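Residues per chain, in single letters:
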Amino acid sequence: QVQLVESGGGLVQPGGSLRLSCAASGRIFSINAMGWYRQAPGKKRELVADITSGGSKNYADSVKGRFTISRDNAKNTVYLQMNSLKAEDTAVYYCNAAIKSSAGGYTYNYWGQGTQVTVSS
């Protein structure tokens, strides 16, 4: 079994910063892409940012220049540094990872349980 555990969400004022973390654990042979998605009330889940095992990064236009994704492959952990937060960043943030559990196995997508980020004064 594989688990993704997120941490770091909370309430922050507009213009503030938060750092999200997501650690993968369990039966892990390799991890390909890792990423962060978010879902606001009444809206579809959307990609915020993702990063390949080689370090290539991709961002949603709405967060470019404000959010930074990074990963520590030794710790099977992905981070999302969020700066200059806006009210429209309020959402539940979900971690996602494409994980292979054995050398000859398939790669599956796993999701974390979600962490609430609220930007409000």
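To be clear, the structure that these remarks concern was listed above.
Residues numbered from 1 in each chain as written. Predicted model: local features only at pLDDT ≥ 70, side-chain atom pairs only at ≥ 80, totals over all residues. Heavy atoms only, no water.

Attention shifts here to the pattern of salt bridges. Applying the stated criterion to the full structure yields 4 salt bridges. The closest approach of N and O atoms between Asp 61 and Lys 64, which form a salt bridge, is 3.1 Å. Salt bridges here are not isolated pairs; linked through shared partners, they connect Arg 38, Glu 46, Arg 66 and Asp 89. (Salt bridge = Lys/Arg side-chain N within 4 Å of Asp/Glu carboxyl O.)

Okay, the packing of aromatic side chains next. Counted according to the given criterion, the structure contains 2 aromatic pairs. Between Tyr 37 and Trp 111, the aromatic rings sit 5.0 Å apart at their centres with planes inclined by 65 degrees, giving edge-to-face as the arrangement. Here Tyr 37 is found in strand E4 (residues 30-39), whereas its partner Trp 111 is found in strand E10 (residues 107-111), with 74 residues between them in sequence. When the ring of Tyr 106 is compared with that of Tyr 108, the centres are 6.5 Å apart and the planes differ by 70 degrees; the resulting orientation is edge-to-face. Residue Tyr 108 is classed as partly exposed on the basis of its relative accessible area, which comes to 48%. One residue, Arg 45, lies across the ring of Tyr 94, its end atom 3.7 Å from the ring centre. Directly above the aromatic system of Trp 111 lies the positively charged group of Arg 45, at a separation of 4.7 Å from the ring centroid. (Phe/Tyr/Trp six-rings, centres within 6.5 Å; stacked < 30°, edge-to-face > 60°. Helix = DSSP H or I, 4+ residues; strand = E, 2+ residues; numbered from the N terminus. Buried < 20%, exposed > 50% of the residue type's maximum accessible area, 1.4 Å probe, protein only. Lys NZ or Arg CZ within 6 Å of the ring centre and 35° of its normal.)

This brings us to the sheet that holds strand E1 (residues 2-7). Strand order in this open sheet of 4 strands is E1-E3-E8-E7, and the pairing throughout is antiparallel. Single-partner strands in this sheet number two, and they are E1 and strand E7 (67-72). The mean inter-strand angle of the sheet, taken between neighbouring strand axes irrespective of direction, is 15 degrees. Alignment of strand E3 (residues 18-26) against strand E8 (residues 77-82), held across 6 bridges, turns out to be antiparallel. Within E8, the position partnered with Leu 18 by the bridge is Met 82. (Pairing = 2+ DSSP bridges. Axes fitted to C-alpha atoms, helices over the stretch in contact; angles between N-to-C directions.)

Before going further, it helps to examine the pairing of E1. Residues of E1 alternate between two faces, with Val 2, Leu 4 and Glu 6 buried on one and Gln 3, Val 5 and Ser 7 left unburied on the opposite face. In this sheet, E3 lies alongside E1 in antiparallel orientation, the contact comprising 6 bridges. Its bridge partner lying in E3, Val 5 is registered against Ala 23.

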